[in-house]
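# Descriptive structure summary
These are the residues of each chain, in order.
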Amino acid sequence: MASQETSRTLDVAGIGFGPSNLALAIALRERGREAPNAAFFERSTSFGWHRGMLIDDATMQISFLKDLVTLRDPRSSFSFLCYLQEHGRLVDFINHQILVPSRAEFHDYLAWAAARVPEAVSYGSEVIAVRPVPGDRAVDCVELVIRDVAEPGRTRTRLARNLVLATGLQPALPDGVEPSDRVWHSSDFLHRLAELPPAPERTFTVVGAGQSAAEITNHLLGTFPDARVHAVFSRYGYSVADDSPFANRIFDPAAVDDYYLASPAVRESLMRYHGNANYSVVDLDLIKEIYRRQYQEKVAGIHRLRIANVSRVRAVAPAAAGVDGVEVQIEFLPNGDVETVNSDIVIFATGYRPADPLPLLGELADFIELDDEGMLRVDRNYRVVTSEKLTCGIYLQGATEHTHGISSSLLSMTAVRSGEIAESLCADLRHSPARAVTGALRTP
Ligand SMILES: Cc1cc2nc3c(=O)[nH]c(=O)nc-3n(C[C@H](O)[C@H](O)[C@H](O)COP(=O)(O)OP(=O)(O)OC[C@H]3O[C@@H](n4cnc5c(N)ncnc54)[C@H](O)[C@@H]3O)c2cc1C
């Protein structure tokens, strides 16, 4: 059953309400009287940010100053500092002398900010399709088809002059691996762990050498004193995330300009030089903690953590009849030897890939310009380049690593990027004859 939600055409429709579009909702609201008529649609039934990985003691990979607003406007009341003050922890946080809060605290901050813009978002609302609506001379409007998550057979539609896609990253499993009760992706880690019935001496296999893999390995060893963990990865050892001051500049707003202007060869070299600021790397403190734990256990004659380095998982299959668990085939890459180990649970911390915007955009894809590599062309303000036959704006938050660099899917640029998108949207709308009367963000 489909229904037209309301006849008013939105100036801006946001798809997804993670940190990126939350920051945009705030940036638009803070434009005061110029704020467009915007609504955001989020498939989760409440605000959440990587809940499956809110591991105790896990910390942020960025300074608290890279919150939703500070780099755009340090006077905003949506800053992490304002959150601390409202929760009576400002002085305590200062005395803590840290720049990186725990992930759990940052989640609480994000949820606090989201709760302050309730009129901006419809939760439990999954956008399942976007269709062009032809105008007199061009497609100047799109129709969103929105599924009610609580009642999946029910859809409604909404018209919008601009779209902002911020649908985040998608969990990536190696080819041929299917998730199951015993085979998980790291994004589900805490949810699945909570469902496990108590059992002694479990064996876990953790695949991957990035931050999530290391956090999961450390958490399992710390939480289950009699558990054994096989860590499998193709590196020789966990490698350190480069967060040193000069290298960290790759996450600066100015780096986006440089990357955007650079030739494909320079872009490629920048990603190669600085990929180790984000990809397949681990905080040094965590590496040292895992090493310390393994060494202390060795001293005591305990061997719970086994690292299969320079190795890869070749296959995962149910164990033989009558045996619990799964059989994991692990190939040692130097000589190709394959060992089969039995594991109760296998966790693939094998990363994410950006959501491809094109399937959701459906027929709109026909208007979109691609570059020589078949990638979306995106202007500096994150607006997808389209033919003149489409005047409706399509903006991307995330999925722009090929044009805007390594911070595209990260929080580092969220405040600034959402400010730039808000500015671009408002500039376009100022010149749009079809635009609705402006005002504060309205109820969707
Ligand atoms: C465990 C973990 C820790 C991280 N820590 C950091 C960190 O410390 N620092 C950092 O800079 N980055 C970090 N990242 C990177 C991460 O990508 C960003 O933190 C952040 O989540 C990006 O925000 P986003 O809003 O773009 O995407 P997301 O947070 O992924 O949000 C996207 C939202 O869109 C919704 N959605 C998707 N499709 C639809 C649809 N069709 N209709 C409606 N809603 C939809 C999803 O439900 C989701 O809520 C981390 C990532 C992970 C996995």
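Quick caveat: nothing in here was measured; it's all calculated off a predicted structure.

As a further point, take the site of the ligand. In the vicinity of the ligand lie 29 residues, with Ser-20, Glu-42, Gln-61, Ser-409 and Leu-411 positioned nearest. Between an oxygen atom of the ligand and a main-chain N or O atom of Leu-411, the distance comes to 2.7 Å. Protein contacts shield 90% of the accessible area of the ligand, which totals 990 Å² for the unbound molecule. Within the residue set of the shell around the ligand, elements represented by two or more residues are helix 1 (19-29) and strand 5 (125-134). The biggest single contributor to the shell around the ligand is strand 5, with 3 residues. Of the residues that constitute the shell around the ligand, the class distribution is 14 nonpolar, 11 polar and 4 charged.

We now examine the domain arrangement of the chain. Each domain of the chain was delimited in the assignment, giving domain 1 (2-168 + 355-430), domain 2 (172-241 + 279-348) and domain 3 (247-277). Domain 1 and domain 2 are separated by 34 Å when their C-alpha centres are compared. On the domain 2 side, the residues contacting the 11 residues of domain 1 number 13 residues. Around 890 Å² of area is buried between domain 1 and domain 2 when both sides are counted, 56% of it from carbon and sulfur atoms. The largest share of the area that domain 1 buries against domain 2 comes from Gly-52, Met-53 and Ile-55, three residues that together contribute 54% of it. Applying the counting criterion to the domain 1 and domain 2 interface returns 1 salt bridge. Its salt-bridge partner being Glu-215, residue Arg-103 comes within 2.7 Å of it at the nearest N-O pair. If you look at where domain 1 meets domain 2, you find 5 residue pairs in polar contact (both at pLDDT 80 or more). Of the residues in the side of domain 1 that touches domain 2, the class split is 5 nonpolar, 3 polar and 3 charged.

It is worth spelling out the packing of aromatic side chains at this point. The full count for this structure, using the stated rule, is 17 aromatic pairs. Taking 5.7 Å as the distance between ring centres and 70° as the angle between the ring planes, the aromatic pair formed by Tyr-83 and Tyr-109 counts as edge-to-face. With Tyr-83 in helix 2 (residues 80-86) and Tyr-109 in helix 4 (residues 103-115), the pair connects residues that are 26 residues apart, well separated along the chain. An identical accessibility class is assigned to Tyr-83 and Tyr-109; each is buried. In textbook terms, an aromatic cluster arises when at least three aromatic residues are bridged by ring pairs, as seen for Trp-49, Phe-64, Phe-78, Phe-80, Tyr-83, Phe-93, Phe-106, Tyr-109 and Trp-112.

On to the sheet that holds strand 14 (residues 311-318). If you walk across this open sheet you meet the 3 strands as 14-15-16, and the pairing is antiparallel. Because the sheet does not close on itself, it has two edges, and the strands there are strand 14 and strand 16 (338-343). The mean angle between the axes of side-by-side strands here comes to 25°, regardless of whether they run parallel or antiparallel. Pairing of strand 15 (residues 326-332) with strand 16 involves 6 bridges; the strand directions are antiparallel. Counted as the bridge partner of Ile-330 is Glu-339 from strand 16.

Taken across its 5 residues, strand 12 (residues 228-232) has 4 buried, putting it largely inside the fold. Pairing of strand 11 (residues 203-207) with strand 12, which is carried by 5 bridges, proceeds in the parallel orientation. By the bridge assignment for strand 12, Phe-204 is matched with Val-229. Since strand 11 and strand 12 lie parallel, the crossover through helix 6 (residues 211-223) that links them has a hand, and here it is right-handed. With 4 bridges joining them, strand 12 and strand 13 (residues 305-308) adopt parallel strand pairing. Bridging across to strand 13, Val-232 finds its partner in Ala-308.

Before going further, it helps to examine helix 7 (residues 253-261). Three or more residues of helix 7 are buried, namely Ala-255, Val-256 and Tyr-259. All buried residues of helix 7 fall inside an arc of 105° around its axis, so they share one side. Among the exposed residues of helix 7, those pointing more than 90 degrees away from its buried face are Asp-258 and Leu-261. On its buried face, helix 7 sits against helix 8 (264-274) and helix 11 (401-404).

All right, on to the packing of helix 1 against helix 4 then. At their nearest, the axes of helix 1 and helix 4 sit 10 Å apart, and the two run at 40° to each other. Classed by the angle they form, the pair helix 1 and helix 4 counts as oblique. In the packing of helix 1 onto helix 4, the handedness of the crossing is left-handed. Counting all contacts with helix 1, which are made through Pro-19, Leu-22 and Ile-26, the residues of helix 4 involved are Leu-110, Ala-113 and Ala-114.

Here helix 4 is 13 residues long and its end C-alpha atoms lie 18 Å apart, about the 18 Å a rise of 1.5 Å per residue gives. Among the residues making up helix 4, those that are buried are Arg-103, Glu-105, Phe-106, His-107, Tyr-109, Leu-110, Trp-112, Ala-113 and Ala-114. On its buried face, helix 4 sits against helix 1, helix 2, helix 3 (90-96) and helix 6.

By the element assignment, His-219 lies in helix 6. Owing to a relative accessible area of 15%, His-219 belongs among the buried residues under this scheme. Those residues in contact with His-219 that sit more than four places away from it in its chain are Ile-55, Phe-189, Leu-190 and Leu-193.

About the criteria used
- Residues numbered from 1 in each chain as written.
- Predicted model: local features only at pLDDT ≥ 70, side-chain atom pairs only at ≥ 80, totals over all residues.
- Heavy atoms only, no water.
- Near = heavy atom within 4 Å.
- Polar contact = N/O pair within 3.5 Å; in protein donor to acceptor, adjacent residues only side chain to side chain.
- Areas by Shrake-Rupley, 256 points an atom, 1.4 Å probe, with all protein chains shown as cover.
- Helix = DSSP H or I, 4+ residues; strand = E, 2+ residues; numbered from the N terminus.
- Nonpolar A, V, L, I, M, F, W, Y, C, P; charged D, E, K, R; others polar.
- Domains from an automatic or database assignment.
- Contact = heavy atoms within 4.5 Å.
- Buried area = accessible area lost by both parts, 1.4 Å probe.
- Salt bridge = Lys/Arg side-chain N within 4 Å of Asp/Glu carboxyl O.
- Phe/Tyr/Trp six-rings, centres within 6.5 Å; stacked < 30°, edge-to-face > 60°.
- Buried < 20%, exposed > 50% of the residue type's maximum accessible area, 1.4 Å probe, protein only.
- Pairing = 2+ DSSP bridges.
- Axes fitted to C-alpha atoms, helices over the stretch in contact; angles between N-to-C directions.
- Right-handed = clockwise from strand over helix to strand, strands pointing away.
- Arc of directions from axis to C-beta.
- Parallel < 35°, antiparallel > 145°, perpendicular 65-115°, else oblique.
- Left-handed = near helix turned anticlockwise from the far one by under 90°.
- Expected span 1.5 Å × (residues − 1).

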